[in-house]
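Residue-level structural notes
Residue strings, one per chain:
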Amino acid sequence: MKCFSFMLIAFAGFLNSANAVQNQNQDQYQDERLQSGLLAVVNKSDNSISIIDVNEKRIIKTLPTGRGPHELVMSENQKWAVSTDFVGGDSLTVFDLHALEVAKTIPLASLPGPHGATFLNDNERIIFTSGKAKHLGIANVVTGKVTNKIETTQNTTHMVTLSNDESVAYSTNIGSNSISIVNMSNQKLLKNMPTLSMPEAINYRKSAEELWYGANKEGKLVVVDPETEAVLATWSGFSFPYRVLFNHDESVAMVPDFRKHYIRFFDATNKKELGTLALEEEAGPQGITMHTDHDIAFLSLNLKNKIVAIDIHTQQVIAEFPTGNNPDGVIFISR
């Protein structure tokens, strides 16, 4: 009997050692994926962005923005980033990502309250929303000039996304329960497509030519065909579906819920829910972006003053990073 007990203890020790090695190997793999690169995130309450070394997990620089920054977007060539200074700033702050410095500020007297934004393929222009002016604007970050204004005629134009070839822009209009569809060639409004109430989050799934948007009032995630306006899929149970992000091959969609403090994962191709990652209590997840090389998402926790890295396929948090106060829009910069 003593011999049997000794064998059980020895076997348990072997299993613990094996698990320790496996965990160590997994940690090493995670560290390898996150051993280089920078994060930049807006701090809403500080009127700044924090630049964070991913490997060292520390803030290495803080740069000023205009008042009330919300979103942060980056050019494809990673030369420029722009914050939308939404609450009282009425400006775009342009950052030189090579020098890690503020390059210029673009005032927006005629397009106040800039919020959603995305870079065009030329890496010099961005399209952004002005909810107060019921417009989309296009600005050149090199010249510092607004080059175009496109009226949506809708209330609270808020977030914006582009089609594959940039021929069409789509913007959510929270106050009008619609999505504006704009011809980018002639800078004209094509139509305003009705949506569920208070649409905010939006993203264009290029591989399938689908629009994914979140309806805040109904707490739903909706997939539509922008050509026919047919609803392709709907999921309920959200309180505030804050953003929609796809992984690199667009097979997985991720939607953080600001009020329920979780992130939900969806099979974007087969339109099936994959799972839910519960975050910290009262975490307030907001801005989300992808690692440039790996299927890792970086999610800002607005009420915890940090960013978490999430392995998309295991649906687990694998690292944390400090920020300033009330982080939101976030980008990952390769180094």
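As the structure is a prediction and not an experimental result, all values here were calculated from the model. Residue numbering note: each chain is counted from 1, following its sequence as written. Where totals are concerned, whole chains, interfaces and linings use all residues; where local detail is concerned, this predicted model gives features only for residues with pLDDT of at least 70, and gives and counts side-chain atom pairs only at 80 or more. As a rule here, side-chain values cover all heavy atoms of the structure and leave hydrogens and water aside.

1. Re the overall build of the chain
Helix and strand labels come from DSSP, where a helix needs a run of H or I of at least four residues and a strand needs a run of E of at least two; each type is numbered from the N terminus. A tally of regular secondary structure across the chain gives one helix and 28 strands. Viewed in the frame of its principal axes, the chain has a C-alpha envelope of about 85 × 45 × 35 Å. A contact between two residues is defined here by any heavy atoms of the two lying within 4.5 Å. Once local pairs closer than 6 in sequence are excluded, the contacts in the chain between residues at least 24 apart make up 41%. Using the Shrake-Rupley algorithm and a 1.4 Å probe, accessible areas are obtained, with residue cover drawn only from the displayed protein chains. Of the roughly 14,300 Å² of accessible surface on the chain, a fraction of 49% belongs to carbon and sulfur atoms. Between the averaged position of the 29 positive side-chain charges in the chain and that of its 37 negative side-chain charges there is a distance of 5 Å. Note on charges: Lys and Arg go in the positive column, Asp and Glu in the negative column, and His and the chain ends are not counted at all. By convention, the charge on Lys lies at NZ, on Arg at CZ, on Asp at CG and on Glu at CD.

2. Focus: unusual backbone geometry
Notably, N47 is not glycine yet its phi reads approximately 55 degrees, a positive angle. Accessibility expressed as a relative area gives 30% for N47, which makes it partly exposed. Not every positive phi belongs to a glycine, and E282 is a case in point at roughly 55 degrees. For E282, the location among the structural elements is in the loop between strand 23 (272-278) and strand 24 (285-290). Buried, partly exposed and exposed residues are distinguished by accessible area as a fraction of the type maximum, computed with a 1.4 Å probe on protein chains only: under 20%, between the cut-offs, and over 50%, respectively.

3. Considering the nonpolar core
Remark: nonpolar core denotes a set of buried residues (Ala, Val, Leu, Ile, Met, Phe, Trp, Tyr, Cys) joined through side-chain atoms within 4.5 Å. Within the largest apolar cluster, 16 residues are counted, with the highest numbers of intra-cluster contacts made by M254, I263, F265, I288, A297, L299 and I310. For this core, the element with the highest residue contribution is strand 25 (residues 296-301), accounting for three residues. Excluding residues that lie within four positions of it along the chain, L299 makes contacts with P256, I263, L279, P285, Q286, G287, I288, K306, I307, V308 and I310.

4. Details of the layout of surface pockets
If you add up the space inside the largest pocket, you get close to 1,400 Å³. M74, T118, N203, L245 and T289 are, among the 43 residues lining the largest pocket, the residues nearest its centre. Of all the secondary-structure elements, those providing two or more residues to the lining of the largest pocket are strand 4 (69-74), strand 8 (114-119), strand 12 (157-162), strand 16 (199-205), strand 20 (245-246), strand 24 and strand 28 (327-333). Polar here means any residue other than Ala, Val, Leu, Ile, Met, Phe, Trp, Tyr, Cys and Pro, which are nonpolar, and Asp, Glu, Lys and Arg, which are charged; Gly is therefore polar. Split by residue class, the lining of the largest pocket holds 20 nonpolar, 17 polar and six charged. Here a cavity denotes grid points, spaced 1 Å and computed from the protein atoms alone, that fit a 1.4 Å probe unable to get out, and a pocket denotes an open set having protein on both sides within 12 Å along at least 5 of 7 lines; residues with an atom within 4 Å of a point are the lining. Grid points are joined across faces, edges and corners, and a volume is the space filled by probe spheres set on the points.

5. Some remarks on the side chain of H158
Mapped onto the fold, H158 is located in strand 12. Among the residues examined, H158 registers a relative accessible area of 8% and is labelled buried. What H158 contacts, discounting residues up to four positions off in sequence, is F86, H115, G116, T129, T172, I174 and E200.

6. As for the pairing of strand 26 (residues 306-311)
Across the six residues that make up strand 26, a large majority, six, are buried. Here strand 26 shows two buried faces, one formed by K306, V308 and I310 and the other by I307, A309 and D311. If DSSP finds at least two bridges between two strands, the strands pair. Both strand 25 and strand 26 contribute to a ladder of six bridges, which runs antiparallel. Within strand 26, the position partnered with L301 by the bridge is K306.

7. A closer look at the sheet that holds strand 2 (residues 48-53)
Strand order in the open sheet made by the four strands is 3-2-1-28, with antiparallel pairing throughout. Two strands close off the open sheet at either side, each with one partner strand: strand 3 (58-64) and strand 28. Along the sheet, successive strands turn relative to each other by an average axial angle of 25 degrees, direction set aside. Direction of pairing for strand 1 (residues 38-43) relative to strand 28: antiparallel, over a ladder of five bridges. Counterpart to A40 in the pairing with strand 28 is I331. Orientation is described by axes fitted as lines to C-alpha atoms, over the contacting stretch for helices, and by angles from 0 to 180 degrees between their N-to-C directions.

8. Things to note about the pattern of salt bridges
By salt bridge we mean one thing: a side-chain nitrogen of Lys or Arg within 4 Å of a carboxyl oxygen of Asp or Glu. Here the structure, examined in full by the defined rule, presents 13 salt bridges. Among the ionic pairs, R33 bridges to D311, the shortest N-O distance being 3.0 Å. One end of the pair, R33, is in helix 1 (residues 2-33); the other, D311, is in strand 26, and 278 residues separate them in sequence. Between E229 and K191 there is a salt bridge; the shortest N-O distance is 2.9 Å. With E229 in the loop between strand 18 (220-224) and strand 19 (231-235) and K191 in strand 15 (residues 188-194), this pair connects stretches of sequence that are 38 residues apart. The class of K191 is partly exposed, set by a relative accessible area of 28%. One salt-bridge network, held together by shared partners, links E71, E200 and R243.

9. What about the confidence of the model for the chain?
Predicted confidence across the chain gives a mean pLDDT of 93, with 91% of residues reaching 70 or more. Across the chain, each position has a pLDDT score giving the predictor's confidence in that residue, from 0 to 100. The low-confidence segment residues 1-12 (pLDDT under 50) makes zero contacts with residues lying over four places distant or belonging to another chain. In this model residues 17-29 is a low-confidence stretch, pLDDT under 50, and it forms zero contacts with partners more than four residues away in sequence or in other chains.

10. Overview of the packing of aromatic side chains
Here a Phe, Tyr or Trp ring, Trp counted by its six-membered ring, pairs with any other such ring whose centre lies within 6.5 Å, and the pair is stacked when the planes are under 30 degrees apart, edge-to-face when over 60, and tilted otherwise. All chains considered together, the criterion is met by ten aromatic pairs. Seen in terms of ring centroids, Y170 and Y204 are 5.5 Å apart; in terms of plane orientation they differ by 10 degrees. Their pairing is stacked. Here Y170 is found in strand 13 (residues 168-173), whereas its partner Y204 is found in strand 16, with 34 residues between them in sequence. Aromatic ring contacts, followed pair by pair, group W212, W235, F238, F246 and F266 into a single cluster. To sit over a ring, a charge needs its Lys NZ or Arg CZ within 6 Å of the ring centre and within 35 degrees of the ring normal. Lying over the aromatic face of Y242, R243 brings its terminal NZ or CZ to 3.9 Å of the ring centre. Over the ring of F238 we find R264, and its NZ or CZ is 4.0 Å from the ring centre.

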